[in-house]
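Here is how the chains run, residue by residue.
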Amino acid sequence: MAIVEATGIHKHFGALHVLKGVDLVVQEKELVFVIGPSGSGKSTLLRCLNRLEEPSGGAIIVDGVDMLSPRTDINKARQRIGMVFQSFNLYPHMTALGNVTLALRKVLGLPKAEAEKRGQAALDRVHLADRAGHFPGQLSGGQQQRVAIARAIALEPRVMLFDEPTSALDPELVGGVLEAMRELRQDGMTMVVVSHEMAFARAAADRVVFMADGAIVEQGTPDEVFGNPQHERTKAFIGQIGRH
Amino acid sequence: MTNWERFVDSFFNARVAAEYFPKIVEGFWLTIVLAACIIVTGLAAGLGLAVIRAFGLRVVNLLIIFVVDLFRALPPLVIIALLYFGLPAAGLSMDGFVCAWIALAAVLMAFSEEIFWAGITAVPKGQWEAARSTGLGFLQTLGYVVLPQALRMTIPPLTNRTIAITKGTALASVVAVPDILGAANAGVSFSFNPTPLTMGAAAYLVLFLPVVIFGRWVETRFAWKR
Ligand SMILES: Nc1ncnc2c1ncn2[C@@H]1O[C@H](COP(=O)(O)OP(=O)(O)OP(=O)(O)O)[C@@H](O)[C@H]1O
Ligand SMILES: [Mg+2]
């Protein structure tokens, strides 16, 4: 069953044509890994999926809900789509638990005690149960990103979107975040991940999508795309990141 | 009478002081009430305008900016005079207290709106996006995520601006409000002795010195935190 069905997505920023008819279907429990050069539109595509960015054209169905219909309650629809950002974006004035429980209380309307129980469970899933009372400023980057993951999964979304979740981290902190993502995947979460962590992609991705200039150039299993890229642009890109 | 004795008799005349002390005290309380009215309504209106501005409606925002710039440009005394001396010509007359209240609240509204707005825009866009991505609505995001961070940043400039505008309550004396300065002026014209003004100045010090010190404390407390 398809959780995400995006068809013919276009996005213009003024005169800039950033997405040029992108089709992306993500099956339940699938992990789709998106790569591509800077500026190719990876973040914009991800942000269109939960309508943080308004697509200029196309159709987006997530978990059976037409995301672009004016009749869709976008706040309700977004509960089903977790998002993790490169820069964590934790609320600095709230504790880790406060970050995780805000939407549980204000969006789902759970009573405080129940929200905290669920929030604590979400923190436990990213192995930060003992940091519940810490403020973001008191946590390492890796811990902050795991709190951000907990904040998203606490709402029990049908799909998780990750936009370069480890790019802002010191190398020694990347492992913990990838581990949390791997466990999430093992629990059957559907995921779309924009990242440069190729080793993670090889180990965990079902499918790799290569984007360039606002379009999907090539896609396939990690072995296919990394081991035997078909298009020139893909070859050039894989060669380039391979050298790092 | 030596010069010194004349000086003391003029500014520190015990008999005059005793006579007008109750009036000054009354003025003291009136100033506090006026200041409280201005602060509460001015800050509430300023915050309200900043919140409305956050909706990003072009025409509305242009209107807000116009009103804000208007009240930031006009000298407060001119606004008070317009309300007190001008409005009666249009068949609407208001008490001097109300005129001073409205005028200074409007000025505080204008300045505080700019400060609140600066605070709101200083909160990173990622905060909005993170909150909205979890399904929080616009107002929920503003209320639970953005404003708490924005207000923290605005406290030092807001405190200073509020103190500055609140001192403008002395202008109310021009429109016959018996606040501290009004009471002191009245005392001077009845006694032909400036001692009531000395007491007035002392009363202002008693009122505002703690506030200024509080402002200084707020400034150091909140300045570099974030
Ligand atoms: N809000 C915006 N306004 C105008 N242009 C934008 C905006 N957001 C993105 N763009 C442009 O759209 C293009 C695609 O940006 P996007 O962030 O999606 O690329 P990306 O593939 O995620 O790149 P990176 O790997 O650097 O994150 C870029 O040229 C970018 O400058
Ligand atoms: Mg990006």
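Anything mentioned here points back to the structure above.
Residues numbered from 1 in each chain as written. Chains lettered and ligands numbered in written order. Predicted model: local features only at pLDDT ≥ 70, side-chain atom pairs only at ≥ 80, totals over all residues. Heavy atoms only, no water.

Let us look at the site of ligand 1. Residue and element names in this part refer to chain A. In the vicinity of ligand 1, the contacting residues are Phe13, Leu16, Val18, Pro37, Ser38, Gly39, Ser40, Gly41, Lys42, Ser43, Thr44 and Glu164. Residue Lys42 places a side-chain N or O atom 2.7 Å away from an oxygen atom belonging to ligand 1. Burial of ligand 1 by the surrounding chains reaches 60%, relative to a free accessible area of 640 Å². For the shell around ligand 1, the secondary structure elements donating two or more residues are β2 (16–27) and α1 (42–49). Among the elements that take part in the shell around ligand 1, α1 stands out by supplying three residues, more than any other. Along the lines of polarity and charge, the residues of the shell around ligand 1 split into four nonpolar, six polar and two charged. (Near = heavy atom within 4 Å. Polar contact = N/O pair within 3.5 Å; in protein donor to acceptor, adjacent residues only side chain to side chain. Areas by Shrake-Rupley, 256 points an atom, 1.4 Å probe, with all protein chains shown as cover. Helix = DSSP H or I, 4+ residues; strand = E, 2+ residues; numbered from the N terminus. Nonpolar A, V, L, I, M, F, W, Y, C, P; charged D, E, K, R; others polar.)

Bringing the sheet that holds strand β8 (residues 190–194) of chain A into the picture now. Residue and element names in this part refer to chain A. One open sheet holds the six strands; their spatial order is β6-β7-β8-β3-β9-β10, and the pairing between them is mixed. Unpaired on one side and paired on the other, β6 (81–84) and β10 (215–220) mark the two borders of the sheet. The mean inter-strand angle of the sheet, taken between neighbouring strand axes irrespective of direction, is 20°. Direction of pairing for β6 relative to strand β7 (residues 159–163): parallel, over a ladder of four bridges. The partner of Met83 across the bridge, within β7, is Leu161. Helix α6 (residues 171–186) rests against β3 (31–35), β7 and β8 of the sheet, and its axis sits at about 150° to β8. (Pairing = 2+ DSSP bridges. Axes fitted to C-alpha atoms, helices over the stretch in contact; angles between N-to-C directions. Contact = heavy atoms within 4.5 Å.)

Moving on: the interface of chain A and chain B. Each partner contributes residues to the interface: chain A has 21 residues there, and chain B has 18 residues. Contact with chain B buries surface across chain A, with Tyr91, His93 and Lys106 of chain A losing the most and accounting together for 29% of the total. Connecting chain A to chain B are one salt bridge. Between chain A and chain B we count six residue pairs in polar contact (both at pLDDT 80 or more) in total. Counting residues per element, the ones that place at least two in the side of chain A that touches chain B are α2 (74–79), β6 and α3 (96–106) of chain A. (Buried area = accessible area lost by both parts, 1.4 Å probe. Salt bridge = Lys/Arg side-chain N within 4 Å of Asp/Glu carboxyl O.)

Looking now at the packing of helix α4 (residues 112–125) of chain A against helix α5 (residues 141–153) of chain A. All names here are of chain A. Relative orientation of the contacting elements α4 and α5 amounts to 135°, with a least axis distance of 8 Å. It follows that α4 is oblique to α5 by the angle criterion. Crossing geometry of α4 relative to α5 is assigned as right-handed. Between α4 and α5, the contacting residues are Ala122, Leu123 and Arg125 on the first element and Val147, Ala150 and Ile153 on the second. Considering only residue class, the contact of α4 with α5 consists of five nonpolar, no polar and one charged. (Parallel < 35°, antiparallel > 145°, perpendicular 65-115°, else oblique. Left-handed = near helix turned anticlockwise from the far one by under 90°.)

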